[in-house]
Amino acid sequence: MDGQYTLHSFRRLGVGSRLAIGLPVLSVLVLATGLVSLRLGPVPINTLDVVWAALSALGIDGPSVDRTAQLVIEQIRLPRIIVGAAVGMALGLSGTAMQGLFRNPMADPGIIGVSAGGAVGAVTAIAIGLVDLFWLALPAFAFVGAALALLLVYGIAAVGGRISMATLLLAGVAVNAFLGAVVSAIIYLLPSEGPLREILYWLAGGLDSRSWDHVRIALPPIAVGAAALALTARDLNLLALGDDEARSLGVRTGATRTVLLAASALVTGSAVAVSGSIAFVGLVTPHVLRLVLGPDHRVLMPMSALGGALFVMLADMAARTVIQPAEFRVGVLTAFVGAPFFVFLLIKNKRQVYTL
């Protein structure tokens, strides 16, 4: 009872107060997780060397560090962690946007076909051998596939001149099913087993072998999409009141929905392009934070970005250590953890979920 009272009191605090408490807490957790993750791996590195090597990689001079430790931090672990944080941030933000847009806490980034489109693009690049010729082919094809899937869903929903959320949702379900069949067909028609393992490896989602090139690929579009989503937070709150009420308060509902969908597709497509399919981050993160922080998207957007980053970083850290010296797939791990955890929350808080 005391816990419920404390949670209710926290949710009633102003936006600034909730952000002033929540942002520092999650930021510290993200930074601490990053430092711990930098230490873990086949090459043991002490904490001080981790700190100075990471600062050196970011252009800040400090005491000299063992050359091997420096290379491991700079070229292997740090870019991987940054990519993981960016992917988590993207999925957390887009999950928040989708749940708010569809007014459904069960929605996630895959609902509009973006993840499935990215999968088709990546699988195609692997199947026809482009990855062996040009390493950027996989993220490039994944991003193009995600964008085309969004255009297809949006085009279907726009038939007749007016877009309804129900039609968009159903179009997303249909396109997801179709694109899933395309992936299955490509796998079935592969002439040899060579590319099959790589395809399944990518579909399971992971952050192994991520480099600074992947950081440069993912960060700019994710930053642009995140900024666009942050700017729509107030309008997303008003859309929850209904279209008529939102329009009377000055919200251009059609333009706002277009921005939300495009920005969500941009960040999700960018994430999928460098990590493969990582499930449940965009579903669980905003849902859990909404139970703690309330439904105000001005709070949820930045907190979901940090929460998603933390979720993926923790999953990646576990994936690298749970079966050493081998490595687990991050997407499989997030599904193993996210599915039962979400079901538990859904059952325990079922009344709250549908009244948020």
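Analysis parameters
Residues numbered from 1 in each chain as written. Predicted model: local features only at pLDDT ≥ 70, side-chain atom pairs only at ≥ 80, totals over all residues. Heavy atoms only, no water. Salt bridge = Lys/Arg side-chain N within 4 Å of Asp/Glu carboxyl O. Helix = DSSP H or I, 4+ residues; strand = E, 2+ residues; numbered from the N terminus. Buried < 20%, exposed > 50% of the residue type's maximum accessible area, 1.4 Å probe, protein only. Core = buried A, V, L, I, M, F, W, Y, C linked by side-chain atoms within 4.5 Å. Contact = heavy atoms within 4.5 Å. Polar contact = N/O pair within 3.5 Å; in protein donor to acceptor, adjacent residues only side chain to side chain. Phe/Tyr/Trp six-rings, centres within 6.5 Å; stacked < 30°, edge-to-face > 60°. Lys NZ or Arg CZ within 6 Å of the ring centre and 35° of its normal. Expected span 1.5 Å × (residues − 1). pLDDT = per-residue confidence, 0-100. Axes fitted to C-alpha atoms, helices over the stretch in contact; angles between N-to-C directions. Parallel < 35°, antiparallel > 145°, perpendicular 65-115°, else oblique. Nonpolar A, V, L, I, M, F, W, Y, C, P; charged D, E, K, R; others polar. Bend = angle between axes of the 7 residues up to and from the residue.

Trainee: So what exactly am I meant to see when it comes to the pattern of salt bridges here?
Mentor: Opposite charge on two side chains makes pairing possible when the charged atoms of those side chains draw close. As enumerated under the stated definition, the model contains eight salt bridges in all. Across the pair Glu327 and Arg80 runs a salt bridge whose closest N-O atoms are separated by 2.6 Å. You can see Glu327 sitting in the loop between α15 (297-321) and α16 (330-348) and its partner Arg80 sitting in helix α4 (residues 67-101), a full 247 residues away along the chain. For Arg80, a relative accessible area of 8% corresponds to the buried category. With a shortest N-O distance of 2.8 Å, Asp244 and Arg247 are connected by a salt bridge. Here the residue Asp244 and the residue Arg247 both occupy positions in helix α12 (residues 243-248), the gap between them amounting to three residues, near one helical turn. For Arg247, a relative accessible area of 40% corresponds to the partly exposed category. One continuous salt-bridge network, built from bridges that share partners, spans Arg80, Asp316, Arg320 and Glu327.

Trainee: Quick question: what am I supposed to make of the nonpolar core here?
Mentor: A general trend in soluble globular proteins is that nonpolar side chains are found buried together. Met98, Leu101, Phe102, Ile112, Trp202 and Leu229 are the most contacted members of the largest nonpolar core, which has 73 residues in total. Those residues within four positions of Trp202 in sequence are excluded, and the remaining contacts are Gly118, Ala119, Ala122, Ile126, Leu138, Ala142, Val272, Gly276 and Ser277. Ranked by size, the runner-up nonpolar core spans 23 residues in total, among them Val50, Ala53, Leu78 and Val299.

Trainee: Got a minute to help me understand the side chain of Asp316 in this structure?
Mentor: Secondary-structure assignment places Asp316 in helix α15. We classify Asp316 as buried; its relative accessible area is 2%. Residues contacting Asp316, with those up to four places away along its chain left out, are Arg80, Leu207 and Val330.

Trainee: Would you explain the side chain of Gln70 in this entry?
Mentor: Tracing the backbone through its elements, the reader meets Gln70 in helix α4. For Gln70, a relative accessible area of 9% translates into the label buried. A distance of 3.3 Å separates polar atoms of two side chains, one belonging to Gln70 and the other to Ser56. What Gln70 contacts, discounting residues up to four positions off in sequence, is Ala53, Ser56, Ala57 and Val65.

Trainee: For this particular structure, what's the right way to read the packing of aromatic side chains?
Mentor: The geometry of two aromatic rings is summed up by the distance between their centres and the angle between their planes. Inspection of the entire model under this criterion finds one aromatic pair. Relative to Phe336, the ring of Phe328 has its centre 6.3 Å away and its plane inclined at 35°; by these criteria the two rings are tilted. Residue classification places Phe336 among the exposed residues on the basis of a relative accessible area of 56%. In this structure, Arg329 packs its charged tip against the face of Tyr201, placed 3.5 Å from the ring centre.

Trainee: Quick question: what am I supposed to make of the environment of Ala305 here?
Mentor: Structurally, Ala305 can be placed in helix α15. The spacing of Ala305 and Ser17 is 288 residues in sequence and 18 Å in space, taken between C-alpha atoms.

Trainee: Just checking my understanding: could you explain helix α7 (residues 137-157) for this structure?
Mentor: The α-helix winds at 3.6 residues per turn, so residues separated by three or four positions along the chain end up facing the same way. Under the 1.5 Å per step criterion, the end-to-end length of α7 is 30 Å for 21 residues, consistent within 8% with the ideal 30 Å. Taken together, the buried positions of α7 are occupied by Ala137, Leu138, Pro139, Ala142, Gly145, Ala146, Ala149, Leu150, Val153 and Ala157. Along its buried surface, α7 packs onto α5 (114-127), α6 (130-133), α8 (165-188), α9 (194-203), α10 (212-231) and α13 (253-275).

Trainee: For this particular structure, what's the right way to read the confidence of the model for the protein chain?
Mentor: Close reading of the predicted structure is inappropriate where its pLDDT is low. For the protein chain, mean pLDDT is 85; residues scoring 70 or higher make up 94% of the total. No element of the protein chain has a lower mean pLDDT than helix α17 (residues 350-353), which averages 49, and none a higher one than α15, which averages 93. Here residues 352-356 is a poorly scored stretch, pLDDT under 50, and it has 10 contacts once near neighbours within four places are set aside; other chains count.

Trainee: How should the packing of helix α2 (residues 15-39) against helix α3 (residues 47-57) be read in this particular structure?
Mentor: Each pair of packed helices can be summarised by the angle the axes make with each other and by the distance between the axes. Packing of α2 against α3 leaves a shortest axis separation of 9 Å and a crossing angle of 110°. Considering the angle they form, α2 stands roughly perpendicular to α3. From α2, Leu35, Leu38 and Arg39 reach across to α3, where they touch Thr47, Val50, Val51 and Ala54. Of the residues that constitute the contact of α2 with α3, the class distribution is five nonpolar, one polar and one charged.

Trainee: Looking at this model, I keep getting lost on unusual backbone geometry. Mind explaining?
Mentor: You will see that Ser209, though not glycine, has its phi angle at about 60°, which is positive. Tracing the backbone shows Ser209 in the loop between α9 and α10. In this structure Ser209 comes out as exposed when scored by relative accessible area, which is 63%. One non-glycine residue, Phe280, lies in positive phi territory at about 75°. Residue position: Phe280 is located in the loop between α13 and α14 (281-293).

Trainee: Looking at this structure, how should I read the environment of Pro286?
Mentor: Along the chain, Pro286 turns up in helix α14. Taking relative accessible area as the criterion, Pro286 reaches 0% and is therefore assigned buried. Spatially, the C-alpha atoms of Pro286 and Gly308 are 8.2 Å apart, while their sequence positions differ by 22 residues. For Pro286, the residues in contact, after removing those within four places along its chain, are Gly92, Gly95, Thr96, Gln99, Val281, Leu300 and Ser304.

Trainee: I tried to follow α15 on my own but got confused; where do I start?
Mentor: The end-to-end C-alpha separation of α15 is 35 Å, in line with the 36 Å expected for 25 residues at 1.5 Å each. The largest bend in α15 comes to about 25°, at Met303.

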